[in-house]
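# Results of the structural survey
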Amino acid sequence: MWAAGRRWSRWERALLWGVLVVTWEAALGQLRYSIPEEMPKGSFVGDVAKDLGLQLPAIGDSGVRILDKGSTQYFALHGKTRHLVTAKTLDREQLCKTVQQCVQRCEVLLEGEMQIYEIEVEITDINDNAPTFREAESELSMSETTAPGSRFPLAQAHDPDSGLNSVQIYELSGDEHFSLAVQTGPDGDQHPELVLAKALDREEAAFHELVLRASDGGEPARTGTARIRVAVLDANDNAPVFSQAEYTVRVPEDVPVGSTLVTVTATDDDEGLNGYVKYSLNKITEIVSKNFQLDADTGAITLVRSLDFEEGDSYELHVQARDGGGLFDTTKVLIIVTDINDNLPEITVSSTLSEISEAAPTGTVVALLHVQDRDSGKNGEVRCSLDGDVPFLLRSSRGSYYSVVTARELDREQVSEYNVTVRAADGGSPALWSSAVLWLRVLDVNDNAPVFAKARYSARVPENNAAGALVLTVRAWDADWGQNARVRYRLVEGRVRGAPLSSYVSVEAETGALYALRSFDYEEVREVGLWVRAEDGGAPALSSNVSVRLVIVDENDNAPQVLYPPAAPLAAGAGWAGVELAPRSAEPGALVAKVVAVDADAGQNAWLSYELAKATEPGLFRVGLHSGEVRTARFPLARDAARQSLVVVVKDHGRPALSATATLTVVLAESVAELLAELGSAASAAAPGEPAGSLTRWLVLAVAAVSCLFLAFLLLLLALRLRRWRRSQLLAAGSGALRGVPASHFVGIDGVRAFLHSYSHEVSLTADSRKSQLRFSGASCCDTLPARPPPDEPAPLLGEDAAAPPAAAERLRYTIPEELGRGSLVGPLARDLGLSPADLPARKLRLASAAKRQLQYFTVSGENGNLYVSERLDREEMCGEAASCSVSFEALVQNPLNVFHVEVAIQDVNDNAPRFLQDSFQLEINELTSPGARFFLGMAEDADVGSNSLQGYELEANGYFAVEVKESPDGSKFAELVLRRSLDREREPSLRLVLTALDGGDPPRSGTAQLCINVTDANDNAPVFAQDRYRATLREDAPPGSTVLNVSASDADAGTNARITYNFGKMPAKVLKKFVVDAESGMIMLQEALDFEDTRSFSLAVEARDGGGLVAHSKVEIEVLDVNDNAPEVTLTLVSSPVPEDAPTGTVVAFLNVNDPDSGENGEVSCELLGEAPLSLVASSGGSYKVVTASALDREQAAKHHVTVVARDRGRPSLSSSTALVLEVSDVNDNAPVFEEASYSAYVAENNAVGAPVLRVLAQDADAGANGRVSYWLAGGSADAAAYVSVEARSGALYAQRSFDYEQCREFAVVVRAQDGGEPARSSTATVRVFVLDRNDNVPRVLWPAPEAGERVPGAPPPLEPFEVVPRSAEAGYLVAKVVAVDADAGRNAWLSYELVQAAEPALFRVGLHSGEVRTARAVSERDAAKQRLVAVVKDHGQPALSATATLHVVLAESLQEALPELSERAAGAESAAELQFYLVGIWGINEATLTCKEVERKVIGDQLLQKGVQYVIEILPLNGWCKIVIF
């Protein structure tokens, strides 16, 4: 009940109007309601049943419902009242977003009538949203130079509500510098703009905080705020300032590359680009650029190349800090390099001797060294020393020069050369050192006489030697070297037996070999003594003597000479010679005579032996072997002749031996008378008249002659000795000064000796050659060396030559200008050193320097000693920027060695013009820069020094700038550009001026550089769009990337300030996803596909912002054009499935709802059914359709019906969509089961396992479900068939109930029934015939010969086995017997074959393969044994094959009477086990389920083997389970 007089609220009034509208539209079949948003879930919308005129009892519980189209359901029907209520809280802004009128639709289905009604519900807006800004806080940047009145667009507030509930008012608060202006667009949108009301000053306030408030028109009103922070941009009115005016840093020279040496810092009070400081180097030299690097951002100076204190001990850098506006400041950085000990001392050998005489006096200079260390302080202090024990020492000379002198006398024979190591060590810590090696060879002086290898020599020379034979070789060595060590040999004069020694022997001068000049005779000369002199080649020569003793060795060259008996003369009286008397009474051994002989040889050659060679009576006499005595050997006999003649041979012991004979006459007589008588008779017979005393006379004469000769020899020898002594005395007194001169220097002419050579020097010789002195005559040669002082005067020290200039003149200095040509005179160096041109060749004036580079500029003339320029002199190249430039080197002279220091100063000339490091300078100066601002221009370089260097700068005349010359602390001058008047970019955007640098030379030189000044713009103009509002249309199928339109704005500023970038303002995220604007060109492009059905128009806010931060705004309206891009949507709202196959025609099976989101003809839809199915489509109201049956259904023909519902719109081109409708037909039991075959046959092998499958029968039922489910059972068949098989009810599988035996039952039949599960049930039957297949499970059985049966009684004789008798006359092929066997199996398993496996005579018998007949294979012979035992195997053809054996005994006999004895013998030996055989009985296949090895054992063997006592073993093969029986 409503209270009287109560005012209706807004939503109640809206509801009332909604009810009225619904009542009106209900009559037209369409309901329409209107409700406010944000109503809670379950709120009343409308009474659908009443408005449609429906009765609730008639509708029922489920007669009406809302169709579900797959989308979100916002409404529902109340369960009892069937009122339309809200299904959830509705938010208009979320449902319809930018759509002005928000309408939601739903459809109600009346199932009983199959009628659909469409309902529209309008959602009205309420003020449930406050205005919001996209960004709660925003920031604007404005230059402090921005003019008052400038406008800056602000972001709009967004209110999802519509109408009066949207944004209506903007308000600004917070600061007097700003005000708010609101612009209203053509569509009624309000755009707030920030207006600058008062000039800004960044120094007063860098930021301004503002609050922008937006209010809507709702009741009550809602508001939203945004904070705006305005940042004031700075103008460049402050230059950078360094923290120090000068930086000084000390670094060691070994600081690693990459190290940061110092960081300079400069600050700028400005901000942003104006406060951003970049660092750069000014007045940079090449060496600075190579060594150091400046980080432009941090100001860190790093080392890029290793430092070297020796190359530079300090570096000066000028660093400039420049801000973004072009203002700058400079500072100086002084980098001082501290020395470390990193340089080895350098030893330079200025002059050295490679050879020195061993007679050089102590203190002789052999080398002049220069030592330097590039380090400084203690690191550069060098100490020198000599390594090892050498006869040298170091003497310090002037400056850093050292001389190496001899410390003691040298002896080449001890050390012939020296490697003198000079070591130089500095004073660093740790100390560094270097060394130099001086090689010095010691020259030889002839101070050693030759020395023979032996003190004396001796040699043995056989006589009769050949003339010229080598006797011996003497050898002498001389410790000297070269010519002084060359030894020559000669003989000292002497005589042998009065003849000159040189006539006997000679000596070879070079080798010392002695040769015999004649053949020696031992008998004449037995020994020769001589002296050999060895003399060297020195001057004067030294010599030594050695004695040589030659011993003559005797040879057997003289035969023995018989003295007695003398040889018989040829005269008449010769017969009396050598007569001896021997009495006839002489006893044996009586001395008869003695043969006397001598031999001129000596030794063994002179040993004589005697032998009786011939005798009248050989046995009467004998001769002593060594004595020569002739004695009687026996008593003389009367028969012996009175006169006996004896011949004695005298032989020496030489090789070969020489001999002589002596004849002796012996008279046998008792008295002298008899002797004489005998002799007289002999003499008278030989030579009558010869005097008897002639022999004695001759002997006396011979002795006298020998005595005279001996006396004459003694007198002659005495005279020769006296003469030699006299000659030696004369030589010693008158020619003593020539002693020691080789004999080859003289030649004898008429006994007078004269010199062969002449000498130009005086020679003084003493008896001792080691003390000889040699003095050269001054007039005989030219010597430029000063005369050596007398021994009593001290030798001058190094450099203290009498001809040397005073000490003050030892350092010479010359001054010359640079750029002198090659060959220009520097100065008379030799004259200034006190040397005359005549002294130059001897003194060897030359230049030397430790730095080889210094020597390339100058040279000294060898003719006049003047110093000349040898290469062009460029002071700038040689000394760089040094104020003074000089070249130092040393002048060296020898004989004696001396050094002088020379310095040549190079004076500067004005040969270099000032030069800027770059040809042009680029400066950018803001037009707002204040007058008085200064700009660093750098400096020019001038390689000259002094007044010739850079002096000032000049600038081309102009109205804005002037140049001032500044001087840095180091005295260098640089230029600063000073702004005199304010700039105006609009009047003059750039200036080009010429900067000139001048030096102070005469005439002066200059250099120029172009100065390009660009006036940069200040941002005092905001961008301006070409249109305030842009409009565009775009089809909804436009692809992403399509161009919508191009907005453009212009800015009167230049440069960065005029560079405009475009972007979107504050807009919903959905709009920002759809479109993108190119920041550079302003091109608006589509980046996401459009959908007309989702949004039909877009409003874009575009901003144009310049480089200075000023912004302009414009609006772009985009209308979306609909295209037929949505296919109709087909929704199956209701499907009645399955349908019984007996349903009547016209039954409704489904409801369809068709919708197309497009508009106009694009949204008009028509439907049709596609597919072979008994269905049709009936149109209903509100775009709904019914699907009904058009004819009777049959599930067995089609259990499912597939149709396609196609919906097609009228767009161009037309779009269509389809949905599949599947209608299932439910089954009715109208079909019985049907077997696949009317009868079945099954084959089962015997011995099968119980439960083994036999076969499977299958029956099909066309029905489905329980109607088509088939079950099986046995319905009859053969007798007892049910005992053999069973059937499984579900699958129809038949299984064996027992193991079949082919031998018992070969086939049987059963009847199987199949029945479905329908009501009533339907069934059918089928016959199954089962055939049993045979297996090889029976062993062949031998019928004949029959095996033994029964048990053997212990102790009883073995029974007689069957046998056959074969006559010995049987031929081949004779039938012996036939093995008969049967097999219980059938078919192939029963086929038998026979084989003979054992026989006493294998070639005698054979067995028929299939018949089993045993026949002879050949004729029986006499050698065949009478008893034959045959074993045959009977084998079937099963798999595996089974076998049995049959044993047949054959007796070879013509009759039975002959066979009986053989059989009795066999029976007697049956018990003996003389023969052990192994054979395989058979391999049986077993089935574990049916047969075991034990069963095989019983079946095959039985008790026969056990009765016979035969051993056997049964084994199971592991691979196939077969059983193997082995009999022993």
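Residues numbered from 1 in each chain as written. Predicted model: local features only at pLDDT ≥ 70, side-chain atom pairs only at ≥ 80, totals over all residues. Heavy atoms only, no water.

### Description of the overall build of the chain
Rule in force here: Numbered from the N terminus, helices here are DSSP runs of H or I no shorter than four residues, and strands are runs of E no shorter than two. In this scheme, a residue with accessible area under 20% of its type's maximum is buried, one over 50% is exposed, and one in between is partly exposed, where area comes from a 1.4 Å probe on protein chains only. Any pair of residues with heavy atoms lying within 4.5 Å of one another is described as a contacting pair. Using a 1.4 Å probe, accessible areas were evaluated by the Shrake-Rupley method; residue-level cover was limited to the displayed protein chains.
When helices and strands are counted, the chain shows 15 helices and 111 strands. Looking at the chain as a whole, 41% of its 1528 residues qualify as buried. Taking the contacts inside the chain whose residues are at least 6 apart along the sequence as the reference set, 67% of them involve residues at least 24 apart. Here the chain displays about 81000 Å² of accessible surface, and carbon together with sulfur accounts for 52% of that area.

### What about the environment of Asn1046?
Heads up, the condition is: What qualifies as a polar contact is a pair of N or O atoms within 3.5 Å, subject to a donor-acceptor requirement within protein and to the restriction that residues adjacent in sequence count only when both atoms come from side chains.
Relative to the helices and strands, Asn1046 resides in strand E76 (residues 1043-1046). The partly exposed category is assigned to Asn1046, whose relative accessible area is 41%. Remark: the alpha-carbon pair of Asn1046 and Gly1082, spanning 36 residues in sequence, is separated by 5.6 Å. Those residues in contact with Asn1046, other than ones at most four positions away along the chain, are Tyr1030, Ser1081, Gly1082 and Met1083. At 3.4 Å, the side chain of Asn1046 and the backbone nitrogen of Met1083 are in polar contact.

### What to know about the environment of Arg822
In this fold, Arg822 is placed in the loop between strand E58 (811-817) and strand E59 (825-827). Distance in space between the C-alpha atoms of Arg822 and Tyr868 is 7.8 Å, their sequence separation being 46 residues. In this view, Arg822 contacts Val869, Ser870 and Glu871; residues no more than four positions away in its chain are not counted. Here the side chain of Arg822 touches Ser870 through a polar contact of 3.1 Å, landing on its backbone oxygen.

### Digging into the sheet that holds strand E73 (residues 1006-1016)
The criterion, for reference: At least two bridges found by DSSP between two strands is the condition for calling them paired. What counts as an axis is a line fitted to C-alpha atoms, over the stretch in contact for a helix, and the angles between N-to-C directions run from 0 to 180 degrees.
In spatial order, the strands read E66-E73-E72-E69; together these four strands make up an open sheet with mixed pairing. Both edges of this open sheet fall to strand E66 (920-926) and strand E69 (950-955), since each of them pairs with a single strand only. Looking at each pair of strands side by side, their axes are set apart by 25° on average, direction ignored. As judged from the seven bridges shared by E66 and E73, these two strands associate in the parallel manner. If you follow Leu923 over to E73, its bridge partner there is Ile1013.

### Digging into the sheet that holds E58
The four strands lie next to each other as E58-E64-E63-E60, forming an open sheet whose pairing is mixed. The open sheet terminates on both sides in strands that have one partner only, identified here as E58 and strand E60 (846-848). Going from strand to strand, the sheet's axes swing by 35° on average, the running direction of each strand aside. Where E60 meets strand E63 (residues 886-893), three bridges bridge the pair, whose relative direction is antiparallel.

### Examining a positive patch on the surface
Quick note on the threshold: For patch detection, residues must exceed 30% relative accessible area and be free of salt bridges, and they are connected within 9 Å for like charges or within 5 Å for nonpolar side chains (Val, Leu, Ile, Met, Phe, Trp, Tyr). Take a side-chain nitrogen of Lys or Arg and a carboxyl oxygen of Asp or Glu: if they are within 4 Å of each other, that pair is a salt bridge. A residue counts as positive if it is Lys or Arg and as negative if it is Asp or Glu; His and the chain ends are not included. By convention, the charge on Lys lies at NZ, on Arg at CZ, on Asp at CG and on Glu at CD.
Side chains of Arg495, Arg721, Arg723 and Arg724 sit close together on the surface and give a patch of like positive charge. A total of three residues in the positive patch trace back to one element, the largest contributor, which is helix H8 (residues 694-734). The topology assignment puts Arg723 in helix H8. With relative accessibility at 55%, the residue Arg723 sits in the exposed group.

### Side note on a nonpolar patch on the surface
A cluster of nonpolar side chains, contributed by Phe710, Phe713, Leu714 and Leu717, occupies part of the molecular surface with about 400 Å² of accessible area. Here Phe713 shows up in helix H8. Take Phe713: its relative accessible area is 46%, and that puts it in the partly exposed class.

### Focus on the side chain of Glu1103
Along the chain, Glu1103 falls in strand E81 (residues 1097-1105). What Glu1103 contacts, discounting residues up to four positions off in sequence, is Phe1025, Thr1061, Tyr1062, Asn1063, Phe1064, Gly1065, Val1111, Ala1112 and His1113.

### Things to note about the state of the cysteines
To be explicit about the condition: Cysteine sulfur atoms that pair up within 2.5 Å are treated as a disulfide.
Evaluation of the coordinates by the stated rule reveals two disulfides. In this model, Cys96 is linked to Cys102 through a disulfide, with the two sulfur atoms separated by 1.8 Å. Handedness of the Cys96-Cys102 disulfide follows from its S-S torsion of about 65°: it is right-handed. The exposure class assigned to Cys96 is buried, which follows from its relative accessible area of 10%. On the accessibility criterion, Cys102 (1% relative accessible area) is buried. Two residues share a disulfide in this structure: Cys879 and Cys885, whose sulfurs sit 1.8 Å from each other. Here the S-S torsion is close to 60°, and the disulfide linking Cys879 with Cys885 is therefore right-handed. The partly exposed category is assigned to Cys879, whose relative accessible area is 22%. Here the disulfide map of the chain reads 1-2, 3-4, the bonded cysteines being numbered as they appear in the sequence.

### Digging into the packing of aromatic side chains
Quick note on the threshold: Any two of the Phe, Tyr and Trp rings considered here, Trp counted by its six-membered ring, make a pair once their centres fall within 6.5 Å; the pair's planes then place it as stacked at under 30 degrees, edge-to-face at over 60, or tilted in between. Placement of a charge over a ring requires the Lys NZ or Arg CZ to be within 6 Å of the ring centre, with the centre-to-atom vector within 35 degrees of the ring normal.
Within this structure, the stated rule accounts for 16 aromatic pairs. Ring centres of Tyr1284 and Phe1300 lie 5.9 Å apart, and the angle between their planes is 50°; this geometry places the pair in the tilted category. Here Tyr1284, found in the loop between strand E95 (1271-1277) and strand E96 (1285-1287), pairs with Phe1300, found in the loop between strand E97 (1293-1296) and strand E98 (1307-1315); they are 16 residues apart in sequence, far enough to count as distant. Residues Tyr1284 and Phe1300 agree in their burial class; the two are buried. A network of ring pairs unites the aromatic residues Phe452, Tyr457 and Tyr489 as a single cluster. A cation over a ring is seen here: Arg981 above Tyr960, with NZ or CZ 4.4 Å from the ring centre. One Lys or Arg, Arg1298, reaches over the ring of Tyr1284 and ends 4.8 Å from the middle of that ring.

### Some words on the confidence of the model for the chain
Keep this limit in mind: A score between 0 and 100, pLDDT records how confident the predictor is in each residue.
When pLDDT is averaged across the chain, the result is 80; 83% of the residues are at 70 or more. Ignoring residues within four places in sequence, the model shows residues 24-28, a span with pLDDT below 50, making five contacts including any to other chains. In the predicted structure, residues 686-692 sits below a pLDDT of 50 and forms five contacts with residues beyond four places in sequence or in another chain.

### Topic: the pattern of salt bridges
For the structure on display, the rule yields 45 salt bridges. Two residues, Glu629 and Arg631, come together in a salt bridge whose shortest N-O distance is 2.9 Å. Glu1080 serves as the salt-bridge partner of Arg1059, at 3.0 Å between the closest nitrogen and oxygen. Taken as a pair, Arg1059 in the loop between strand E77 (1049-1050) and strand E78 (1061-1064) and Glu1080 in the loop between strand E79 (1075-1077) and strand E80 (1083-1086) lie far apart in primary sequence, 21 residues in all. Residue Glu1080 is classed as partly exposed on the basis of its relative accessible area of 47%. Each of Arg32, Arg105, Glu118, Glu120 and Glu122 takes part in salt bridges that share partners, so that together they form one network.

### Quick notes on the side chain of Thr146
For Thr146, the position within the fold is in the loop between strand E9 (137-143) and strand E10 (151-153). Every residue in contact with Thr146, bar those within four places of it in the chain, is listed here: Phe152 and Leu196.

### Re the environment of Tyr522
Along the chain, Tyr522 falls in the loop between strand E42 (513-516) and strand E43 (527-535). Accessibility expressed as a relative area gives 12% for Tyr522, which makes it buried. Note: C-alpha distance between Tyr522 and Glu463 (59 residues apart in sequence) is 5.6 Å. Setting aside its immediate chain neighbours within four residues, Tyr522 contacts Glu463, Ile552, Val553, Asp554 and Ala602. Engagement of the side chain of Tyr522 in a polar contact is seen with the side chain of Arg526, the distance being 3.1 Å.

### Concerning the pairing of strand E99 (residues 1323-1333)
Of the two faces of E99, the one holding Ser1324, Ala1326, Val1328, Val1330 and Val1332 is buried and the one holding Ser1323, Thr1325, Thr1327, Arg1329, Phe1331 and Leu1333 is not buried anywhere. Taken together, the seven bridges between strand E92 (residues 1239-1245) and E99 define a ladder with parallel strand orientation. Across the sheet, residue Ala1245 finds its bridge partner in E99, namely Leu1333. Looking at chain direction, E98 and E99 are connected through nine bridges and run antiparallel. Paired with Val1311 across the bridge in E99 is Thr1327.

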